[in-house]
Amino acid sequence: MQLSEAVGPSGQEESIRLQLEDLWRPFTTTMRADAMGNLIAMQQGSGPEPRPAVMAAAHLDEIGLIVTQIEEGFLHIAPIGGTDRRVLLGLEVLVHGREDIPGLIGTRPPHVLSAEERQKTVPWEKLFVDVGLPAEKVNQLVHVGDPISIRQPLLTLENGRVAGKAFDNRASVVALTLALEELAQREHAWDFYAVATVQEEVGLKGAITSAYGINPQLAVALDVTFGKQEDDSKIGVFELDKGPTIGLGPNFHPQLFQRIEATAKELEIPYHLDPTPGASGTDAWGIQVAREGIPTSLLSIPVRYMHQPVETLARRDVERTGRLLATFVAGLESSYRPGWEDEVDETAARSDQ
Amino acid sequence: MNLGLLTQLTQAFGPSGYEDKVRALIQEHVAPWADELRTDPLGNLIAYHRGNGKGQKIVLAAHMDEIGVMVSHVDKEGYLRFTRIGGVYPLHCIGSRVRFADGTHGVIYLEHREDTSPSPKLTQLYIDVGATNKDDVPVSVGAPAVFVRPLVQQGERLISKALDDRIGCYILIELLQQVQDSPHDLYFLFSTQEEVGLRGARTAAFSINPDMAIAVDVTITGDTPKALPMAVTLGDGPAIKVQDSGMIAHPKVRQLLVDAARKAKVPYQLEVLRGGTTDAAAMQLTRAGIPSGALSIPCRYIHSPSEMVDSEDVANAIKLLAAALA
Ligand SMILES: [Zn+2]
């Protein structure tokens, strides 16, 4: 779970990718990074050639900040992805300039604000990062466009809960790693591609290109979803520690849903149903329409306080997700291909030509 | 007009992602006329007509899916909350009936009946399946449903749910029978998931890799009280797409359709649609780019449960396309 502390805002995933390569190497047959920076690890299956491939994708990138302007040593900032501006004040950050420099997010003190300003969240243009250095030094070390990450160590809470800054989506990267580990010990007929995708938070970019590159016969995306918290409605939120959610809707192939649900039942892993009537907002949405179309499914881990530096989850949900994925993959028979209920019988077409 | 076929098509259950029943029905009707038939990974049905080797490779696309709703929550009293599949307007929902895949019917109504706000939010609406408690509800979270509204013919007008785009499916089925001598390699694409982002047509176009693509779908009209300006009228002929909010039709495709209308001596209109698009927009950007256009059937009240088209426009669309592909 320490992966949540690693740094990887969208478009800047190289350092965390290198860490992950070390973690994954013992469990993979081949591994490569593609042109976009996706990490693609393959674990060869035991079925006869041509062997079908299943791709499991978890995005590696996290939301973050970027330097937009430097003024007298203070850094103006903008979000990378959906960073929640409301919770930035007073946070510690790391500015990834020529070297990593600690800093903090400041704004004007309450005393000097108008009554009206005090009621509002601080707009982006009034937030800045202070690294404590004199202006000339800042100009040497930091440039416009440098990424900034939130500095938030992993916090272990009671009851198997943990909090961290980037469980979206490092929680899934961990689940994917667990699946890789498990599948390294188990027989599986299909080639298994574990993919740590880049730039999900800015438009599912890495998933789109990696799915095109691998061209698998089916895919499972792993991501996080909304954990139930104190002030929530009952709809579209899921209790922690009651297992992952399985997506239902046009983004997901019904047969894969059925297989995954059956696998969860067989393993006695609890799960939630996640009805998704259109865009799932996950890598699954990008993968499904790669090339000729790829039957896709989605497992999500419930996380509270999403896109805030204290994303909170239940450890067991991560383990369950990894186990569910591994068993699903191990259960794919060589000859299986996802199809449709009323699959066309080739003889249905007239045969006079 | 084969009213029986159109009745079957419009009444079939097929929200985006759940097109199985529509596909099975269409399959049955195109099988005798297609040289090959296949269902692809996204559930698209592709019926192929083999040309004489001298023609072009052309896709004709109509989407099988319709808008609908999906259950998001079942409460203790047995009322269902729902989200929308595709562009469902809350206002159209109130008092509507929906039908689930298993045949269960439900009534959609609004909390606080005294609330007269003109645009209720989806979260204020619920589905009542007549249950008395949660255990009594025959459908579960994630179950999709479609609106219930029969097909009615009144003079030349046709009124039904899901004419968007079962009318396009109808046209392609009829067209396939009429182009048996076409020199072109024709791919009749009955696509999935148009209403949630032109998903099926995109992947099918990738696998077919045609020289040209034409979508057959509905478009809005400007002929209702206080309608936004739109030079398309019900009954004045099929509309040849010039542009919409997702695509500028390829001039070659547009001209092909205009020439065909003249050749077939059918009336036509030119369409500039400001909001909305079709499968053609997705096909256009496939691979290295595919010249694409669309033929639209003027339709009133699109995405309401009572869409209205004119049967002469439908008949003329078939003649026009047959002439274009001859
Ligand atoms: Zn349509």
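Residues numbered from 1 in each chain as written. Chains lettered and ligands numbered in written order. Predicted model: local features only at pLDDT ≥ 70, side-chain atom pairs only at ≥ 80, totals over all residues. Heavy atoms only, no water.

S.K.: Would you mind going over the domain arrangement of chain B with me for this structure?
M.R.: The parts lose accessible area when they come together, and the size of an interface is often stated as this lost area. All names here are of chain B. Taken domain by domain, chain B holds domain 1 (3-66 + 161-325) and domain 2 (68-147). Between the C-alpha centres of domain 1 and domain 2 the distance comes to 31 Å. On the side of domain 2, 16 residues touch domain 1, which itself brings 16 residues to the contact. With both sides pooled, the region where domain 1 packs onto domain 2 buries about 1100 Å², and carbon together with sulfur makes up 67% of that total. The largest per-residue losses of area from domain 1 upon contact with domain 2 belong to F13, H303 and P305, which jointly make up 44% of the total buried on that side. Summed over the shared surface of domain 1 and domain 2, the result is 3 residue pairs in polar contact (both at pLDDT 80 or more). When grouped by side-chain class, the residues that make up the side of domain 1 that touches domain 2 number 7 nonpolar, 5 polar and 4 charged. (Domains from an automatic or database assignment. Contact = heavy atoms within 4.5 Å. Buried area = accessible area lost by both parts, 1.4 Å probe. Polar contact = N/O pair within 3.5 Å; in protein donor to acceptor, adjacent residues only side chain to side chain. Nonpolar A, V, L, I, M, F, W, Y, C, P; charged D, E, K, R; others polar.)

S.K.: Looking at this model, I keep getting lost on the interface of chain B and chain A. Mind explaining?
M.R.: In this assembly, 40 residues from chain B lie in contact with 32 residues from chain A. For the chain B and chain A pair, buried surface summed over both sides reaches about 3100 Å², with 57% attributable to carbon and sulfur atoms. On the chain B side of the interface with chain A, the three residues burying the most area are B:P41, B:R199 and B:F206, jointly 19% of the side's total. The interface formed by chain B and chain A holds 0 salt bridges in total. Our count for the contact surface shared by chain B and chain A stands at 6 residue pairs in polar contact (both at pLDDT 80 or more). Every element with two or more residues in the side of chain B that touches chain A is listed here: α2 (20-30), β1 (36-39), β4 (68-74), β5 (79-85) and α5 (199-208) of chain B. The element contributing the most residues to the side of chain B that touches chain A is α5(B), with 5 residues. Partitioned by chemical class, the residues of the side of chain B that touches chain A number 16 nonpolar, 13 polar and 11 charged. (Salt bridge = Lys/Arg side-chain N within 4 Å of Asp/Glu carboxyl O. Helix = DSSP H or I, 4+ residues; strand = E, 2+ residues; numbered from the N terminus.)

S.K.: How should the sheet that holds strand β7 (residues 105-110) of chain B be read in this particular structure?
M.R.: Hydrogen bonds between backbone groups are what pair the strands of a sheet, and the pairing can be parallel or antiparallel. All names here are of chain B. One closed barrel accounts for 6 strands, arranged β4-β5-β8-β7-β6-β9; its pairing is antiparallel. This sheet shows a mean twist of 45 degrees between the axes of neighbouring strands, independent of strand direction. Both β4 and β5 contribute to a ladder of 6 bridges, which runs antiparallel. Following the sheet pairing, G68 is matched in β5 by I85. (Pairing = 2+ DSSP bridges. Axes fitted to C-alpha atoms, helices over the stretch in contact; angles between N-to-C directions.)

S.K.: Teacher, can you tell me more about the coordination of the zinc ion here?
M.R.: Octahedral metals with six donors have ideal donor angles of 90 or 180 degrees. Tetrahedral metals with four donors have an ideal donor angle of 109.5 degrees. Residue and element names in this part refer to chain B. Surrounding the zinc ion are the protein donor atoms H63 (NE2), D164 (OD), D217 (OD) and D217 (OD), which sit 2.0 to 2.6 Å from the metal. Here the zinc ion is ringed by 4 donor atoms whose angles at the metal span 51 to 141 degrees, and the overall shape comes out irregular. Positions of the donor residues of the zinc ion, expressed as sequence spacing, correspond to H-x100-D-x52-D. Note that H63 is positioned in strand β3 (residues 57-63) and D164 in helix α4 (residues 163-178), a separation of 101 residues in sequence. A relative accessible area of 1% means that H63 is categorised as buried. (Donors = N, O, S within 2.8 Å, 3.2 Å for Na, K, Ca; no water. Tetrahedral: all angles 85-135°; square planar, octahedral: opposite > 155°, others 65-115°. Buried < 20%, exposed > 50% of the residue type's maximum accessible area, 1.4 Å probe, protein only.)

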